[in-house]
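# Summary of the model geometry
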Amino acid sequence: MAGLRFLATLGTLQLAAGHPTFARKGQSAAAEHATHWKGPSTTTEQAVRSYHFHVQFVAGNKNSTAKALRLRSAYVERWGNESCAGLFDQDGLCMYNVDFAAMGPFVSGNWAAYVPTARYQEVLAWITQRRGDLSIIAHPNSRNVVHDHFRFATWVGRPWPLNVEPLLWSKGLLPLESCNEWECIIGRSGGWGV
């Protein structure tokens, strides 16, 4: 009986914390929260210049691709179809071409939009309410593309794995930091000799 009271107390404390603690399968809550750690004191925060929203879909799957393209059409109708001239520092909202296969860090198809910081909340609220079962990664554009995608990104829906290798050109990792397809960590991962 004392054990049940103890568990009930722990449950109450968890509710009082203001938010639940979730951990990926096989990962402790402490490890999950470590992704929110700002890193060693030698790092400096980078200003967020803008955001990219990437709507993920299963390449080669007609149903998944059709849902993503319908959302893209609705997005274009609402926000416009201006083509982006580059990755960063656009004049306003704009669209990138659809990637029907894996490209960059994305392991399957996606379409992407550039969103200025001043429009982030408005666009995020709109697309979140219309995404259905599609997953979307909204990542900031600072000067550290690795952390933008792995540490500072917001997922709406289920997170998808990412491929860090195409982002390593930026040399964005911290000393003793390593990334896998799910996250970047500082220190030893504890797996397979790393």
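The structure contained in this document is the topic of the report that follows. Computed from a predicted model, the values in this text were never measured in an experiment.

Here the focus is the overall build of the protein. When helices and strands are tallied, the protein shows 5 helices and 7 strands. For the protein, the sequential pattern of α-helices and β-strands runs α-α-β-α-β-β-α-β-α-β-β-β. Relative to its full complement of 194 residues, the protein shows a buried share of 37%. Look at the contacts in the protein between residues 6 or more apart in sequence, and 61% of them connect residues 24 or more apart. A total accessible area of about 12000 Å² is found for the protein, and carbon and sulfur atoms account for 57% of it.

What follows concerns the nonpolar core. Judged by nonpolar contacts, the single largest core of 23 residues is most densely connected at Phe53, Val55, Leu71, Tyr75, Trp111 and Ile127. Those elements that place two or more of their residues in this core are β1 (50–57), α3 (62–79), β3 (109–116), α4 (120–128) and β4 (135–141). With 5 residues, α4 is the single largest residue contributor to this core. Ignoring anything within four residues of it in the chain, the contact list for tyrosine 75 reads Gly80, Leu93, Met95, Trp111, Ala113, Val115, Val123, Trp126 and Ile127. Counting residues in each nonpolar core, the second largest holds 10 residues, with Ile137, Phe150, Val164 and Cys179 among its members.

This brings us to α4. Along an α-helix, residues three or four positions apart point the same way, because every turn accommodates 3.6 residues. Buried within α4 are the following residues: Tyr120, Val123, Leu124, Trp126 and Ile127. All buried residues of α4 project into a common sector of 165° when viewed along the axis, lining one side. Those residues of α4 that are buried lie in contact with β1, α3, β3, β4 and β5 (154–156).

Turning our attention to the environment of threonine 117. With respect to the helices and strands, the residue threonine 117 is situated in the loop between β3 and α4. Overall, threonine 117 belongs to the partly exposed group, its relative accessible area being 38%. With 24 residues separating them in the primary sequence, threonine 117 and asparagine 141 have C-alpha atoms 9.5 Å apart. Once you skip the residues sitting within four places of it in the chain, threonine 117 turns out to touch Val48, Arg49, Ser50 and Tyr51.

The next point concerns α3. The terminal C-alpha atoms of α3, which comprises 18 residues, lie 25 Å apart, in line with the 26 Å expected from a rise of 1.5 Å per residue. Three or more residues of α3 are buried, namely Ser64, Thr65, Ala68, Leu71, Arg72, Tyr75 and Trp79. Looking straight down α3, one finds its buried side chains confined to an arc of 130°; they lie on one side. Set apart from the buried face of α3 by more than 90 degrees, the exposed residues are Lys62, Arg70 and Glu77.

This next bit is on the side chain of histidine 54. Looking at the element boundaries, histidine 54 is found in strand β1. Within the structure, histidine 54 has its side chain in polar contact with the side chain of histidine 139 (distance 3.2 Å). Excluding residues within four positions of it along the chain, histidine 54 makes contact with Phe106, Asn110, Trp111, Ala112, Ser135, Ile136, Ile137 and His139.

Time to look at the sheet that holds β4. Taken together, 5 strands build an open sheet; the order of strands is β2-β3-β1-β4-β5 and the sheet is antiparallel. Two strands close off the open sheet at either side, each with one partner strand: β2 (94–95) and β5. Against the sheet, α3 makes contact with β1, β2, β3 and β4, and its axis sits at roughly 20° relative to β3, the strand it touches most. Relative to the sheet, α4 contacts β1, β3, β4 and β5, its axis offset from that of β1 by approximately 15°.

What counts, and at which threshold
- Residues numbered from 1 in each chain as written.
- Predicted model: local features only at pLDDT ≥ 70, side-chain atom pairs only at ≥ 80, totals over all residues.
- Heavy atoms only, no water.
- Helix = DSSP H or I, 4+ residues; strand = E, 2+ residues; numbered from the N terminus.
- Buried < 20%, exposed > 50% of the residue type's maximum accessible area, 1.4 Å probe, protein only.
- Contact = heavy atoms within 4.5 Å.
- Areas by Shrake-Rupley, 256 points an atom, 1.4 Å probe, with all protein chains shown as cover.
- Core = buried A, V, L, I, M, F, W, Y, C linked by side-chain atoms within 4.5 Å.
- Arc of directions from axis to C-beta.
- Expected span 1.5 Å × (residues − 1).
- Polar contact = N/O pair within 3.5 Å; in protein donor to acceptor, adjacent residues only side chain to side chain.
- Pairing = 2+ DSSP bridges.
- Axes fitted to C-alpha atoms, helices over the stretch in contact; angles between N-to-C directions.

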